[in-house]
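Spelled out, the chains give:
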Amino acid sequence: MNTRFVILVVLILLTASNLSAATQIPPENRPGDQLTPVVFFPGFGGTRLKVTVHRQTVAPECPRSGTFEYGGLVDPGPDFNQICRDKLLTLVYHAGTKPQFSEQRGVKVTIANYGEVGSAIPLFEPFFAFLESHGYQRNVNLRVAGYDFRLTPDMDGFVKRTMGLIEETYRANHNTPVHLVAHSNGPVYAQYLLTHTTQRWKNKYIHGFTPVGGNWPGGGWGYILLFTGLDVPTFSYPADPVAAASSAAMYQSHPSTYLLAADPAYFRDQEVVIRDASTSTNYTPQDYQQLFADAGLSLAQEIAPYYFGPAQFLPPNFPYVDVYAEMGSGLETLVGIEVPDLQAVSYTHLRAHETVLDLVCRLLLEKKTKKTEKKKKTYTHTTQTKL
């Protein structure tokens, strides 16, 4: 967990706690040490999902029934391997005026311990512990607005459920307005909430909004997942082509993949997200339909236009609450890869079980070495790697 992130958020909350939040509470009901309650929005893979399987038939080679957890760095248990999890968590698409999705028959996905700090993955524990050391109480004035990170914020009752959590937190803390803190993809969901609630509701319940490292317009990584896949419980790339193909197919069915992906309306042709080595063809975000067509990703062709850039920012889509800070990591972001061809998945450049963090660090080191040797081949605004 980024220490700057933790310290920044704590300073904001401790300073604000004695100011605007407290002044909105009637004096006779105001505790002397009232802290601004916090609702935290995790990023991609940051919510613990509970998957219940009952007599499933989509994957005969997998257990018919059972349960497993799904989230970043969360142990799913031994019963369902990566390919089984991929198949069971692949959404079923129903064509219509707007795409509709359902779970595989016999599969139910819920948020484990919704609203509680324990609903977030262990990665965020240092953040929670630091707040706790400054007077916050878990599940009292420190809550978590988890969500099914396969979906976009217009789905699965996200807005209504999150409003309910915020209102509950407000009441449990002497009618104190709630501060929203969000990380990575979380700010996109929080921004969507704030642009889909009334000003009267926000004036009553929202103290402010702190987005940290927001994935606002998406990034090239969303496109990469359609070719590489990703095993969320280990945050690592699949170690062989069969597992990679299974994972990539799952991501094609998830609306949030396109929320993750660089929004063509924003990035246009500013960066190369996929390069096909067999044809020397570069694909930028604005080429997404051609990329999907050339790669045979027919489902992506159909549903992607609905899910790029779900959080809008042009008037009247401002949050209209106090936005206290926004910061990034300062690190370069992996936004593009070169593949042998669009029909094949090759992982010869990846170490077995290499994590995303390890990969990015290695690529940055390789980039620095190549730059020193003056042999690096570059693309505008990208960090590229070959598969």
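As the structure is a prediction and not an experimental result, all values here were calculated from the model.

Secondary structure assignment for the chain yields 13 helices and 13 strands. Expressed as a percentage of the 387 residues in the chain, the buried residues total 54%. Within the chain, residue pairs in contact and separated by at least 24 positions form 75% of the contacts whose partners lie at least 6 positions apart.

For the chain, per-residue confidence averages 83 on the pLDDT scale, and 78% of positions sit at 70 or higher. A low-confidence stretch, residues 3-32 stays under pLDDT 50, and its non-local contacts, those more than four residues away or across chains, total 58 contacts. Confidence over residues 346-387 falls short of pLDDT 50; this stretch has 78 contacts with residues more than four positions distant or in other chains.

Let us look at helix 7 (residues 221-228). In an α-helix, one turn spans 3.6 residues; hence positions three or four apart end up facing the same way. Along helix 7, eight of the eight residues are buried, which leaves the element largely enclosed by surrounding structure. One or two positions beyond helix 7, positive phi appears at Gly229, with a value near 70 degrees.

Read from one edge to the other, the open sheet built from three strands follows the order 3-2-6, with strand pairing classed as antiparallel. In this open sheet, the two edge strands, each paired with only one partner strand, are strand 3 (66-70) and strand 6 (107-111). In this sheet, adjacent strand axes meet at a mean angle of 20 degrees when their direction is disregarded. Taken together, the five bridges between strand 2 (residues 49-53) and strand 3 define a ladder with antiparallel strand orientation. Residue pairing across strands places Val51 opposite Phe68, the latter belonging to strand 3. Along the sheet, helix 2 (residues 82-89) makes contact with strand 2, strand 3 and strand 6, crossing strand 3 at roughly 90 degrees.

Moving on to the state of the cysteines. With the rule as written, the count across this model stands at one disulfide. A disulfide bridge connects Cys62 with Cys84, and the sulfur atoms are separated by 2.0 Å. Around the S-S axis, the bridge from Cys62 to Cys84 shows a dihedral of about -95 degrees and counts as left-handed. Highlighted residues: Cys62 in the loop between strand 2 and strand 3 and Cys84 in helix 2, separated in sequence by 22 residues.

Quick look at the environment of Tyr237 now. Inspection of the secondary structure puts Tyr237 in the loop between helix 7 and helix 8 (241-252). As a C-alpha pair, Tyr237 and Ser247 span 10 residues in sequence and 9.1 Å in three-dimensional space. Engagement of the side chain of Tyr237 in a polar contact is seen with the side chain of Trp221, the distance being 3.2 Å.

In terms of burial, helix 5 (residues 186-194) is a largely internal element, nine of the nine residues being buried. Looking at helix 5, one finds that the buried residues are Gly186, Pro187, Val188, Tyr189, Ala190, Gln191, Tyr192, Leu193 and Leu194.

All right, on to the side chain of Arg275 then. Of note, Arg275 is situated in strand 10 (residues 274-276). There is a polar contact of 2.9 Å between the side chain of Arg275 and the side chain of Asn282.

It is worth spelling out the sheet that holds strand 1 (residues 38-41) at this point. Read across the sheet, four strands follow the order 7-1-8-9 without closing on themselves; strand pairing throughout is parallel. Two strands lie at the open edges of the sheet, namely strand 7 (142-144) and strand 9 (206-212), each paired on one side alone. On average, each strand axis in the sheet is inclined to that of its neighbour by 20 degrees, with strand direction left out of account. Against the sheet, helix 3 (residues 125-133) touches strand 1, strand 7 and strand 8 (178-183), its axis set at about 160 degrees to strand 7. Contacts from helix 4 (residues 158-172) reach strand 1, strand 7, strand 8 and strand 9 within the one sheet, and its direction differs from that of strand 1 by about 155 degrees.

Moving on, we come to the packing of helix 7 against helix 11 (residues 288-295). Relative to each other, helix 7 and helix 11 sit at 5 degrees, their axes nearing to 12 Å. The angle between the axes of helix 7 and helix 11 places the two elements in the roughly parallel class. When helix 7 is examined against helix 11, the residues Tyr223, Leu226 and Phe227 are found in contact with a partner set consisting of Tyr288, Leu291, Phe292 and Ala295. For the contact of helix 7 with helix 11, the per-class residue count stands at seven nonpolar, no polar and no charged.

What counts, and where the lines are drawn
Residues numbered from 1 in each chain as written. Predicted model: local features only at pLDDT ≥ 70, side-chain atom pairs only at ≥ 80, totals over all residues. Heavy atoms only, no water. Helix = DSSP H or I, 4+ residues; strand = E, 2+ residues; numbered from the N terminus. Buried < 20%, exposed > 50% of the residue type's maximum accessible area, 1.4 Å probe, protein only. Contact = heavy atoms within 4.5 Å. pLDDT = per-residue confidence, 0-100. Pairing = 2+ DSSP bridges. Axes fitted to C-alpha atoms, helices over the stretch in contact; angles between N-to-C directions. Disulfide = S-S within 2.5 Å. Polar contact = N/O pair within 3.5 Å; in protein donor to acceptor, adjacent residues only side chain to side chain. Parallel < 35°, antiparallel > 145°, perpendicular 65-115°, else oblique. Nonpolar A, V, L, I, M, F, W, Y, C, P; charged D, E, K, R; others polar.

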